[in-house]
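# Coordinate inspection notes
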Amino acid sequence: MTRELLIPLVSCLFVINQASLIHRCDLAKVLHQEDLDGFEGYSLSDWLCLAYIESNFNISKVYENADGSSDYGLFQINSHYWCNDYKSHSENLCRMECQDLLNPDLFSSIRCAKMIVSRAGGLDNWIEWKLHCAGRPLYYWTTGCRL
Ligand SMILES: *[C@@H]1O[C@H](CO)[C@@H](O)[C@H](O)[C@H]1NC(C)=O
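Residues numbered from 1 in each chain as written. Predicted model: local features only at pLDDT ≥ 70, side-chain atom pairs only at ≥ 80, totals over all residues. Heavy atoms only, no water.

In the vicinity of the ligand lie seven residues, with Ser20, Asn58, Ser60, Lys61 and Val62 positioned nearest. Between the ligand and the protein, one listed contact pairs an oxygen atom with a side-chain N or O atom of Asn58 at 2.4 Å. Val62 has a polar backbone atom sitting 3.2 Å from an oxygen atom of the ligand. Out of a free accessible area of 360 Å², the ligand has 53% covered by protein chains. When grouped by side-chain class, the residues that make up the shell around the ligand number two nonpolar, four polar and one charged. (Near = heavy atom within 4 Å. Polar contact = N/O pair within 3.5 Å; in protein donor to acceptor, adjacent residues only side chain to side chain. Areas by Shrake-Rupley, 256 points an atom, 1.4 Å probe, with all protein chains shown as cover. Nonpolar A, V, L, I, M, F, W, Y, C, P; charged D, E, K, R; others polar.)

Now for the state of the cysteines. For the structure on display, the rule yields four disulfides. In this model, Cys25 is linked to Cys145 through a disulfide, with the two sulfur atoms separated by 2.1 Å. The sign of the -75° torsion about the S-S bond sets the Cys25-Cys145 disulfide as left-handed. Taken together, the residues span a long stretch of sequence, with Cys25 in helix α2 (residues 24-33) and Cys145 in the segment after α5 (127-132) at a distance of 120 residues. Take Cys25: its relative accessible area is 23%, and that puts it in the partly exposed class. Residue pairing for Cys83: its cysteine sulfur links by disulfide to Cys98, the two sulfurs lying 2.1 Å apart. Measuring handedness by torsion sign, the sulfur bridge of Cys83 and Cys98 sits at about 95° and is right-handed. One end of the pair, Cys83, is in the loop between β3 (77-78) and α4 (107-117); the other, Cys98, is in the loop between β3 and α4, with 15 residues separating them in the sequence. Each member of the pair, Cys83 as well as Cys98, carries the same accessibility label: buried. (Disulfide = S-S within 2.5 Å. Helix = DSSP H or I, 4+ residues; strand = E, 2+ residues; numbered from the N terminus. Buried < 20%, exposed > 50% of the residue type's maximum accessible area, 1.4 Å probe, protein only.)

With that settled, consider the packing of aromatic side chains. Each pair of aromatic rings is reported with the distance of its centres and the angle of its planes. Using the criterion set out here, one finds nine aromatic pairs in the structure. Look at Tyr140 and Trp141: their rings are 5.8 Å apart centre to centre, the planes differ by 35°, and that puts the pair in the tilted class. Note on Tyr140: relative accessible area 43%, which makes it partly exposed. For Trp141, a relative accessible area of 12% corresponds to the buried category. Members of the aromatic cluster, joined through ring pairs, are Tyr52, Phe57, Tyr139, Tyr140 and Trp141. Over the aromatic face of Phe39 sits the side chain of Lys114, whose NZ or CZ is 5.4 Å from the ring centroid. (Phe/Tyr/Trp six-rings, centres within 6.5 Å; stacked < 30°, edge-to-face > 60°. Lys NZ or Arg CZ within 6 Å of the ring centre and 35° of its normal.)

And the structure:
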């Protein structure tokens, strides 16, 4: 391939790949707008830590579990309980398609996360949050963010 063709192609792929990542402060802003700050007693920093631990801020992350279920999106929401991916049995408690949890507008992910955190255990329903975020100083997650 000629160099003239290759360079635009490579930079195009780079842009597509980057598009799945949301910046920390952009995410803080969206979560704030969607009223997650203080929702069920959890701060914005709690939610940012959760998103980072689960997906590294990758909105389109899909992780296949050993049991045949998959975890979808920013908050890695599981298809066995919360959404339907038509691959294995699902309780579909959030009444949505798992694919919607990969949408860049984050609307479905936030709606489903609110349902999950409203249940007994709150954010402890995410084991990774319990292991890596719970009970730690987290204020720095929102440092420098204008909401
Ligand atoms: C985000 O996740 C998707 C699906 O798991 C993966 O293909 C992609 O490489 C990830 N993006 C980044 C920037 O890590």
